[in-house]
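Structural description and commentary
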Amino acid sequence: MTCMEPSSSSSAEWKATASQEEQWALEHHVFRIYQLFCKIPPKSQAVMLELQRDNHIEYLMKGLRQLGPSFSVLDANRPWICYWILHSIALLGDCVDEDLESNAIDFLRRCQDQHGGYGGGPGQMPHLATTYAAVNSLITLGGHKALSSINRGKIYSFLRRMKHTSGGFSMHDGGEVDVRACYTAISVASALSILDKELILGVGDYILSCQTYEGGIAGEPGSEAHGGYTFCGLAAMILINEVNRLDLPNLTDWLVFRQGVEGGFQGRTNKLVDGCYSFWQGGAAVLIQRLHAASVGEAEDLFQSHALQQYILLCSQVEGGFRDKPGKSRDHYHTCYCLSGLSAAQFRWPKDADSEPLPGFVLGPYSNLLEPINPLYNIVFDRYDEAREFFTESNDA
Ligand SMILES: CC(C)=CCC/C(C)=C/CC/C(C)=C/COP(=O)(O)OP(=O)(O)O
Ligand SMILES: [Zn+2]
């Protein structure tokens, strides 16, 4: 199973576990890297900790160009590929040239269904996950052409059609109802300033029914708590203003124990750490720190930022791109979520949760500092602000 597919577990009684051999193999790999790092002179250590910014940008631009001028490959994931690449480029402080930007906007426009929402490619059925990816991509590109290409009225109708009697949302017509669907629907509606009472009704009850005895949040009621769904559930509860209904102390306990001795996070109990959870778990920890900062004015660190940055830079980073763990290959999904997790770990939140975060501890040279994100949507902070202004003004007009 890949990191983006829902878990097939249907009961909390059944829990996935990594084998002892898999865990030993990973520890062996990671500790050899750290041992080597400790033995080399400080100058070489600094080189190992350097973010390979130019190589990452080259890898990402190549990925975008390979989609061709009309993105004509047969794949149901293209809005996601756009988002993973465009968001990574924005985190690295760069942007795409006019041709690539125009191709991306035109392609995403063609993915928009006549009744609202975005499919995985032109003519494909609209889906909440690809709608989230397309909207986040266009907000990341920013500017009038990208933002005005989103048909907000029709997206609203699509979101209402996806609303399920349980209070949650279906991923697509007749599709599965889960916490991912709740998050993608609420995140899109909130980012586009079209969130209302009808969309919110029952979402909090559904997400609450997915918080497990461990404290984390599962994809569906009765399933196993998982980092991907915990981020989705927590962020959605904050966006609908119902976060205090969750058992936050239990969720926090579960979350902090997901950081492994390797420095990275695991997605669930007794599984291997993986670079993408740097964001799903690290981002969820940042959301809780942000809640604390807003209520008491100071945020206690909920994870070891130094150790997480070390895992991302030494174990997930390759020469151009990031990977799950040593021994695996790079891909755009892991590149996006390792960079998002690295950014989340580098910044600190002020008391006013709406103001821009400030740089905190940056492992390696200071030039490793990425752009800050708005962790609720996983969009670069400034780009989200520009979109919020644009859509609020459109509502007022
Ligand atoms: C916004 C959006 C669409 C969010 C998706 C969230 C997300 C990543 C959910 C994870 C799904 C899941 C149970 C993966 C398990 O994969 P696995 O068994 O291969 O991995 P594991 O061993 O690490 O659990
Ligand atoms: Zn992963």
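First things first, this report covers the structure right here in the doc. (Residues numbered from 1 in each chain as written. Chains lettered and ligands numbered in written order. Predicted model: local features only at pLDDT ≥ 70, side-chain atom pairs only at ≥ 80, totals over all residues. Heavy atoms only, no water.)

A look at helix α16 (residues 332-346)
Because each turn of an α-helix spans 3.6 residues, side chains separated by three or four positions in sequence point in the same direction. This is how it is decided: Under the scheme used here, helices are H or I runs from DSSP no shorter than 4 residues and strands are E runs no shorter than 2 residues, and both carry numbers assigned from the N terminus. Take the number of residues in a helix, subtract one, and multiply by 1.5 Å to get its expected span. When a residue's accessible area, from a 1.4 Å probe over protein chains only, is under 20% of the maximum for its type it is buried; when over 50% it is exposed; and in between it is partly exposed. We define a polar contact as two N or O atoms separated by no more than 3.5 Å, with the added condition that, inside protein, one atom must be a possible hydrogen donor and the other a possible acceptor, whereas residues neighbouring each other in sequence contribute only through side-chain atom pairs.
Taking 1.5 Å per residue as the helical rise, α16 with its 15 residues ought to reach 21 Å, and the 21 Å between its terminal C-alpha atoms agrees with that figure. Of all 15 residues that make up α16, 15 are buried, and the element is covered over most of its length. The N-cap of α16, judged by a side-chain oxygen 3.1 Å from the amide nitrogen of Y333 a few residues on, is D331.

Thoughts on the state of the cysteines
Put plainly, a disulfide is one covalent bond tying together the sulfur atoms of two cysteines. Heads up, the rule is: When two cysteine sulfur atoms lie within 2.5 Å, the pair is treated as a disulfide.
Enumeration according to the criterion identifies zero disulfides in this entry. Take C38: it sits in no disulfide, and the sulfur closest to it among the cysteines is that of C315, at 12 Å. Judged by its relative accessible area of 59%, C38 falls in the exposed class.

Thoughts on the environment of A344
In plain terms, the rule: Two residues qualify as a contact provided that any one of their heavy atoms is within 4.5 Å of a heavy atom in the partner residue.
Along the chain, the position of A344 falls in helix α16. Residues A344 and A285, spaced 59 residues apart in sequence, show a C-alpha to C-alpha distance of 9.2 Å. Those residues in contact with A344 that sit more than four places away from it in its chain are V286 and I373.

Considerations on the environment of L49
Here L49 lies in the loop between α2 (42-48) and α3 (53-66). When the C-alpha positions of L49 and K15 are compared, they lie 36 Å apart, and in sequence the two are 34 residues distant.

Quick word on empty space enclosed by the protein
How we decide: In this analysis a 1.4 Å probe is tested at points of a 1 Å grid over the protein atoms alone, and where it fits but cannot get out there is a cavity; an open set with protein on both sides within 12 Å along at least five of seven lines is a pocket; lining residues have an atom within 4 Å of a point. Grid points are joined across faces, edges and corners, and a volume is the space filled by probe spheres set on the points. Throughout, the ten residues Ala, Val, Leu, Ile, Met, Phe, Trp, Tyr, Cys and Pro are labelled nonpolar, Asp, Glu, Lys and Arg are labelled charged, and all others, Gly among them, are labelled polar.
Summed over the entire model, instances satisfying the criterion amount to one cavity of 30 Å³ or more. V286, S343, A344, F347, W349, P372, I373 and P375 are the residues that line the largest cavity. Grouping the constituent residues of the lining of the largest cavity by class yields seven nonpolar, one polar and no charged.

So, the pattern of salt bridges
To keep things clear, this is the line we draw: For salt bridges, the criterion is a side-chain nitrogen of Lys or Arg within 4 Å of an Asp or Glu carboxyl oxygen.
Counted by the stated rule, this structure contains 10 salt bridges. Among the salt bridges present, the one from E176 reaches R180, with a minimum N-O distance of 3.0 Å. With its nearest N and O atoms 2.9 Å apart, the salt bridge here joins D178 to R180. For D178, a relative accessible area of 4% gives the class buried. Classification of R180 by relative accessible area gives buried; the value is 17%. Among the charged side chains, a network of salt bridges with common partners joins E176, D178 and R180.

Description of the layout of surface pockets
Counted as a void, the second largest pocket has a volume near 200 Å³. Around the second largest pocket, the lining is made up of 16 residues, and of these Q289, D301, F347, R348 and W349 lie nearest the centre. Put simply, the parts of the chain that give the lining of the second largest pocket at least two residues each are α14 (277-296), α16 and β1 (347-348). For the lining of the second largest pocket, the element with the most residues is α16, which contributes three residues. The class makeup of the residues in the lining of the second largest pocket is seven nonpolar, five polar and four charged.

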